Amino acid sequence: MDELIREYINYIAHLEEIKRPEMPNFNLSAYTESEYVDTIKELMDAYDLVDDFELTVQFIKGEN
């Protein structure tokens, strides 16, 4: 059992961090307010049946 634990610790010690790619810089002035409102409405409609608000927020942020 101790050997298995040591091997697992060794395995975890050699894991590397997964880095997400950087998002490009968007020109925010290129979009109108109505486009933002329409996009937010579409997102809200798409996730209307999701009960867990926090899960939705994490998904939109890309955390899940």
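Residues numbered from 1 in each chain as written. Predicted model: local features only at pLDDT ≥ 70, side-chain atom pairs only at ≥ 80, totals over all residues. Heavy atoms only, no water.

Engineer: Please set out the overall build of the chain residue by residue, giving values where relevant.
Structural biologist: Counting its secondary structure elements, the chain contains three helices and zero strands. Listing each helix as α and each strand as β along the chain from the N terminus yields α-α-α. A compact globule built from 64 residues would reach a C-alpha radius of gyration of about 11 Å, whereas the chain, at 21 Å, exceeds it by more than 25%. Projected onto the principal axes, the alpha-carbon positions of the chain cover approximately 60 × 30 × 10 Å. (Helix = DSSP H or I, 4+ residues; strand = E, 2+ residues; numbered from the N terminus. Rg over C-alpha atoms; globule rule 2.2 N^0.38 Å.)

Engineer: An account of a nonpolar patch on the surface is needed here, citing residue identities and associated values.
Structural biologist: A grouping of Met 23, Phe 26, Leu 28, Tyr 31 and Tyr 36 is seen on the molecular surface, where their side chains present a nonpolar patch of about 590 Å² in accessible area. Turning to its location among the elements, Tyr 31 is positioned in the loop between α1 (2-13) and α2 (33-46). (Patch = residues over 30% accessible without salt bridge, like charges linked within 9 Å, V, L, I, M, F, W, Y side chains within 5 Å. Areas by Shrake-Rupley, 256 points an atom, 1.4 Å probe, with all protein chains shown as cover. Salt bridge = Lys/Arg side-chain N within 4 Å of Asp/Glu carboxyl O.)

Engineer: Just give me the short version of the confidence of the model for the chain, but keep the residues and values in it.
Structural biologist: Per-residue confidence for the chain gives a mean pLDDT of 80; residues scoring 70 or more make up 95%. Across the chain, the element-wise mean pLDDT spans from 78 in helix α3 (residues 53-61) up to 86 in α2. (pLDDT = per-residue confidence, 0-100.)

Engineer: Residues and numbers for α1, please.
Structural biologist: Across its twelve residues, α1 extends 16 Å between first and last C-alpha, which sits within 8% of the 16 Å expected from 1.5 Å per residue. Burial analysis of α1 places just zero of its twelve residues in the buried class, a small minority of the element. (Expected span 1.5 Å × (residues − 1). Buried < 20%, exposed > 50% of the residue type's maximum accessible area, 1.4 Å probe, protein only.)

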